[in-house]
Amino acid sequence: MADAMTYADLRFMKVPQNDFQQECTDHELGEGEIMYENVRNLKAPTENATTEGPWITATAGCQACAPYLTQGLLVFCLIFTGTTIGMTVKYVKVSSELQQLSAIKDKLSDRIQSMERTLGDTDVTLTRNNQELEQVLQNHSDTSKTLLQCQQTAREAAQSLHDLQATKEEILQEKESIAQTLRDKEEELKRIEEGYCPQGWRLFDKRCLYFSKSEKSWADSVKDCESKNSTLLVVEMDDTVTKNFLANEQTDFWAGKKMIKMSHKQEWIWPFGYQWQYHGCYKIKQGAVTAEICSDQHKWICEKKLVLVDMKTWKDSYKAPQFSISDNVYSCYVKYY
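The paragraphs below set out a description of the structure included in this document. Every value quoted in this text rests on a predicted model; they were computed, and no experiment measured them.

Here we take up the pairing of strand 9 (residues 281-285). It is a general feature of regular strands that their side chains alternate between the two faces of the sheet. The buried count for strand 9 comes to four of five residues, which makes it a mostly enclosed element. Bridge analysis of strand 6 (residues 253-254) against strand 9 gives two bridges, and the strand direction is antiparallel. Looking at the pairing, Trp 254 lines up with Lys 283 of strand 9. Relative to strand 10 (residues 288-292), strand 9 runs antiparallel, the two sharing five bridges. By the bridge assignment, Tyr 282 is partnered in strand 10 with Ala 291. Taking the residues between adjacent antiparallel strands as the criterion, strand 9 and strand 10 are bridged by two residues, where Gln 286 takes a positive phi near 50°.

Right under this line is the structure:
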């Protein structure tokens, strides 16, 4: 402990002041005050004081200004410290802002990447839509061509329809003309039937036919025809004309016997082809001759020959006599059995 102690002799003396010291002390000391300095190891003035005086004076002035320098340094340190703290706070704030900006940058980067991906997908979709649009335009072009063809076909069809309408009108007019001619012929036929057949009888194949409205047995039907000066209709097996005429009728009719001359007498027999040994009767069903019980009830048809209106004979024996009914001319021939 004794080794660390330093001993010094303190001497106080009045020293002359230089210009720098004067500026430092004028505002601190009043009149009559004298500044003394603590001078370490000051030696008494010697003969060389004249030569060393300025150095001693400068050193003393610096020692006098040391407190002010310390205060200045302290103020500087405080300012530096405050500046440092402020800059540190500013640095921390800026660092925080930089971190936030970095986070924002990362978010923006992710968003930009997402938008780039979306843009890429949009480009792909746009390309696909463009291709589809081109296909739609191509289809539209094809459809337009087809529509033009359809319109052309429609015009041709309309022209054909117009021609068909004109042809239809001509056919209708021709049909009406034919119908009118048919009506005229029917009227003429009706007049002929009324002129050559009794009322209620029908003209057919040079005969007048009467169709009954009621049904009777075969014998009663024969009697009814006899009462009308006629006979029951005779249908030969080979008479296709009469069979075809009766084929359209939906009702069954009795078939009659025909009269032939045998051994100087007349006899009523069934036509050729019928079953002579059959003791029943026959009916006509839709143009076909079938056997039937005589007591059954059916409708019947009476036939009557036309009335002769004109007849011609010839002197030559080889010519057959002729007769005319209305505008038709008929010839007579001898039929041998």
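The structure having been displayed, the exposition proceeds.
All right, on to the environment of Ser 227 then. Mapped onto the elements, Ser 227 comes out in helix 3 (residues 218-227). Of note is the side chain of Ser 227, whose polar atom sits 2.4 Å from the backbone oxygen of Asp 224.

Evaluated as defined, the whole model comprises two disulfides. Cys 281 shares a disulfide with Cys 294; S-S distance 1.8 Å. On the sign convention where negative means left-handed, the S-S torsion of about 100° between Cys 281 and Cys 294 marks this disulfide as right-handed. Here Cys 281 is found in strand 9, whereas its partner Cys 294 is found in the loop between strand 10 and strand 11 (301-305), with 13 residues between them in sequence.

Attention shifts here to helix 4 (residues 240-247). Listed as buried for helix 4 are Thr 242, Lys 243 and Leu 246. The arc that holds every buried residue of helix 4, seen down its axis, measures 100°, which confines them to one face. Buried positions along helix 4 lie against strand 3 (202-204), strand 4 (207-211), strand 9, strand 10 and strand 11.

Bringing the nonpolar core into the picture now. In terms of nonpolar packing, the biggest core is built from 26 residues, with Trp 218, Leu 232, Val 235, Leu 246, Tyr 274 and Ile 301 touching the most fellow members. Put simply, the parts of the chain that give this core at least two residues each are strand 4, helix 3, strand 6, strand 9 and strand 11. Here this core takes four residues from strand 4, the largest share from any one element. In this structure, Ile 301 is in contact with Leu 209, Tyr 210, Phe 211, Cys 225, Thr 231, Leu 232, Leu 233, Leu 246 and Phe 253, ignoring residues within four places of it in sequence.

Spatially, 6-9-10 is the arrangement adopted by the three strands of the open sheet, whose pairing is antiparallel. The sheet terminates laterally at strand 6 and strand 10, the two strands that pair on one side only.

With a phi angle near 55°, Asn 229 is a residue other than glycine that sits in the positive phi range. The topology assignment puts Asn 229 in the loop between helix 3 and strand 5 (231-232). Since its relative accessible area comes to 66%, Asn 229 is described here as exposed.

What follows covers the packing of aromatic side chains. Per the stated rule, a full pass over the model turns up seven aromatic pairs. Judged by centre distance (4.0 Å) and plane angle (20°), the rings of Phe 204 and Phe 245 are stacked. In this pair, Phe 204 is assigned in strand 3 and Phe 245 in helix 4, connecting sequence segments 41 residues apart. Here Phe 204 falls in the buried class, since its relative accessible area comes to 13%. Lys 304 extends its terminal NZ or CZ atom over the ring of Trp 201, reaching a point 4.8 Å from the ring centre.

Basis of the calculations
Residues numbered from 1 in each chain as written. Predicted model: local features only at pLDDT ≥ 70, side-chain atom pairs only at ≥ 80, totals over all residues. Heavy atoms only, no water. Buried < 20%, exposed > 50% of the residue type's maximum accessible area, 1.4 Å probe, protein only. Helix = DSSP H or I, 4+ residues; strand = E, 2+ residues; numbered from the N terminus. Pairing = 2+ DSSP bridges. Polar contact = N/O pair within 3.5 Å; in protein donor to acceptor, adjacent residues only side chain to side chain. Disulfide = S-S within 2.5 Å. Arc of directions from axis to C-beta. Contact = heavy atoms within 4.5 Å. Core = buried A, V, L, I, M, F, W, Y, C linked by side-chain atoms within 4.5 Å. Phe/Tyr/Trp six-rings, centres within 6.5 Å; stacked < 30°, edge-to-face > 60°. Lys NZ or Arg CZ within 6 Å of the ring centre and 35° of its normal.

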